Amino acid sequence: MKDLKRILILRYTLLIAVVLAATSLLVIIPLRSFTVSREKESLEEQARVFSGEVERLFEDPSSPPDVDLYLETVAGDLSTRLTVVNLEGVVQGDSEADAAEMENHAGRPEIVGALAGRVTSSTRESRTIGKSYIYAAAPVIVDGEIVGAARVSMPEENVMPVVLDIWWIFLGAFGVLLLVVVAVSIWTERTIVGGLRGMSEAAAGLASGDLTRRVAEPDIVDFSKLARDFNLMADRIRDTVEETAAERGKLQAVLNNVSAGVMVTDSDSRIIMLNPAAEEILGVEQDEAVDKRVIEIFSSRELDVTVSRAVAGEQMDEEIELLYPQKRVLHVKSNPVTDSSDRVVATVSAIEDITALKRINQIRQDFVANVSHELRTPVASIKALTDSLVAGAWDQRETAERFLRDMDHEAGRLSQLIEDLLTLSKLEAEEAELKLEDVDIRALIVQCLEAKRNLADEYGVSTEVADAGPKGDVRGDQRLLRTALSNLVDNAIKYNRPGGKVGIEIRDDGPYFVMEVEDSGIGIPREEMPRIFERFYRLDKARSRETGGTGLGLSIVKHIAELHRGDISVKSVEGEGSTFTLRIPRR
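Let us look at the structure shown here. (Residues numbered from 1 in each chain as written. Predicted model: local features only at pLDDT ≥ 70, side-chain atom pairs only at ≥ 80, totals over all residues. Heavy atoms only, no water.)

Brief notes about the overall build of the protein chain
Rules: Numbered from the N terminus, helices here are DSSP runs of H or I no shorter than four residues, and strands are runs of E no shorter than two. Per-residue accessibility, obtained with a 1.4 Å probe over protein chains only, is compared with the maximum for each type, and a residue is labelled buried under 20%, exposed over 50%, and partly exposed between these values. Only heavy atoms matter for contacts: two residues are in contact if any of them lie within 4.5 Å across the pair. The protein chains shown are the only cover counted for residues, whose accessible areas, like all others here, come from Shrake-Rupley with a 1.4 Å probe.
If you tally the helices and strands in the protein chain, you get 18 helices and 17 strands. For the protein chain, with 587 residues in total, the buried portion stands at 38%. A fraction of 59% describes how many contacts in the protein chain between residues 6 or more apart in sequence connect residues 24 or more apart. When the accessible surface of the protein chain is summed, it comes to about 33700 Å², and 53% of that surface belongs to carbon and sulfur atoms.

What follows is the structure, given as structure tokens:
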């Protein structure tokens, strides 16, 4: 380590010694240039005055005076040389040479500048005299127009005595300065070290993470600016750290709240980060997965290959079936992240659980297949009956009447199926807007049973409503509630026995109105209970077709209950009957 004091003393002493030696040899050059420059300024001023004096030489060109003689008289005992040049550069007169023998001066630098309207000076060797001269020329203006140039010059050697005197003064001054430098170096070292010590300590504190450290401004202007810059830098570092933390917080908030899973891996396919959605989709916590390879966490070769190909620079978009920790179908979009040199440093994978979507698509396909099947049956029956009538059965009255009754039955089934499909489609597409109003449930039940009286008589089933029950209205859609209740009562009658009963009871369950539709019919097997509310599900297909059922009634009831933020449930014993419970919020 080097000591600052020694560095300053040695370097300044060496510097002054070199400067002293160089100055001893070279100071005369800048001094000479300075003196020449001063003389040029003096000559330029003389040239301005001289140009005014010689204007009269150009005012009457018809009677030109002896210009040489005139200039010699004006110059007198002065050390300056005077020259007059016309606009074409021809010398009109000179105080030291015969103008007739002198060259054209149009190309002389000072003459060029003067004829252009400027006071110009230059230093060069005179071709006429053969010595180095300092020249200054000014334009001669008559009636606002430049008519020539007036030049003043002096030998350059005239300035050397002044230069030598100044040179000896400088030489002595540098000798004294060399003695002063050592003392100044020591004083400077102490001042510098004192000013830098505080900044050094503050920088160390800032590097250790203390963003509150600042530096007091020293008395030295340069150090004061450095201290201000340091404090400004510390403020910007603090702001940058805070902004980075805020941006990290925003990014973390986005990742935490985005519904899609996000998995970040490094260039070795090691997991760096999982957001909460990815943790839920993949069934693993971030702490367990970080720094581990994808294949180590998920026993899915497809997922590992997708991420590995992204590491290789490909943009991946794949559907992957994940078997562990539970069976899921995932849509994975994995993209590489590159640095400034296009090297892959990480991958970001967006993961979406499409298991439910796949299931919905399958349900939709099954629905289309079921609809096609259900429509095909009554249409085929109507077509067959129509063909039979056309083929001649029309002539047999009894047969024709039976065929027409069968056609009417099949047409009714077809109409009911289409109606139920339209209703279910609107409910599932959430197109059914609830027209909320106060509905008297007891009155609604009475109306429903009255409408089903003929059907109940046809099947030999009795109906009744429990007298006891809560009073009041339900806030709901009367049309949809009537549809739900009608479907429940319709099933209770059709899947009953001759002499059976259908009972409806209303009771209060806190914020809910509860309607129970109980029958003494054939009941539902335990293994069939989970599927009872599926579309097109029929417990007894033969009985359902015979009664005109479509298999959509209970599915419609379920959707209506859910639209009202309620629910539907069933209890049943095979061979003894069933009880369907519909719960609807009061408000």
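Back to the text.
Observations regarding the sheet that holds strand β6 (residues 261–266)
Our working rule: Strands are treated as partners if at least two bridges between them are detected by DSSP. Where helices are involved, their axes are fitted lines through C-alpha atoms of the stretch in contact, as for all axes, and angles between N-to-C directions lie from 0 to 180°.
Across the sheet, which stays open at both edges, the 5 strands sit in the order β7-β6-β10-β9-β8 with antiparallel pairing between neighbours. Every other strand in the sheet has two partners, leaving β7 (271–274) and β8 (316–322) as the edge strands with one partner each. For this sheet the average axis-to-axis angle between neighbouring strands, irrespective of direction, equals 25°. One ladder, built from 3 bridges, connects β6 with β7; its direction is antiparallel. Note on β7: the bridge partner recorded for V264 is M273. Lying on the sheet, helix α11 (residues 301–311) is in contact with β6, β8, β9 (328–338) and β10 (344–353); it crosses β8 at an angle near 160°.

Focus on the sheet that holds strand β4 (residues 132–142)
With respect to topology, 5 strands assemble into an open sheet ordered β2-β1-β5-β4-β3, the strand pairing being antiparallel. Bordering the open sheet on either side are β2 (91–94) and β3 (120–125), each of which pairs with just one other strand. Between one strand axis and the next, the sheet turns through 25° on average, direction left out of account. Here strand β1 (residues 81–86) pairs with β2 via 3 bridges, running antiparallel.

Some points on the nonpolar core
In summary, soluble globular proteins display a tendency toward joint burial of nonpolar side chains. For clarity, the cut-off: The nonpolar core is taken to be a set of buried Ala, Val, Leu, Ile, Met, Phe, Trp, Tyr and Cys residues, with the residues joined through side-chain atoms within 4.5 Å.
Membership of the largest hydrophobic core comes to 38 residues, with the highest contact counts inside it found for I441, I445, L488, F580 and L582. Broken down by secondary-structure element, the contributors of at least two residues to this core are α14 (441–451), α15 (453–459), α16 (478–494), β14 (501–509), β15 (512–519), α18 (553–563), β16 (567–573) and β17 (577–585). When neighbours within four sequence positions are excluded, F580 is seen to be in contact with L488, M515, E516, V517, I524, F533, L554, I568, S569 and V570.

With respect to α14
Put simply, the test is: For this quantity, the arc is that covered by the directions from the helix axis to the C-beta atoms. Pairs of N or O atoms within 3.5 Å make up the polar contacts considered here, provided that, within protein, one atom can donate a hydrogen while the other can accept it, and that residues adjacent in sequence are counted only when both atoms are side-chain atoms.
Among the residues of α14, those classed as buried are I441, L444, I445, C448 and L449. Buried positions in α14, seen along its axis, are confined to an arc of 130° and lie on one side of it. If you check the start of α14, you find a side-chain oxygen 3.2 Å away from the backbone N of R442, and it comes from D440.

Side note on the pattern of salt bridges
Two side chains that carry opposite charge are able to pair once their charged atoms sit near each other. Heads up, the rule is: Salt bridge, as used here: a side-chain nitrogen of Lys or Arg that lies within 4 Å of a carboxyl oxygen of Asp or Glu.
Across all of its chains, the model carries 15 salt bridges by this definition. The residue E450 makes a salt bridge to R453 at a minimum N-O spacing of 3.0 Å. What makes E450 partly exposed here is its relative accessible area of 48%. Given the relative accessible area of 45%, R453 is considered partly exposed. For K452, the salt bridge goes to D490, with nearest N and O atoms at 3.1 Å. You can see K452 sitting in the loop between α14 and α15 and its partner D490 sitting in helix α16, a full 38 residues away along the chain.

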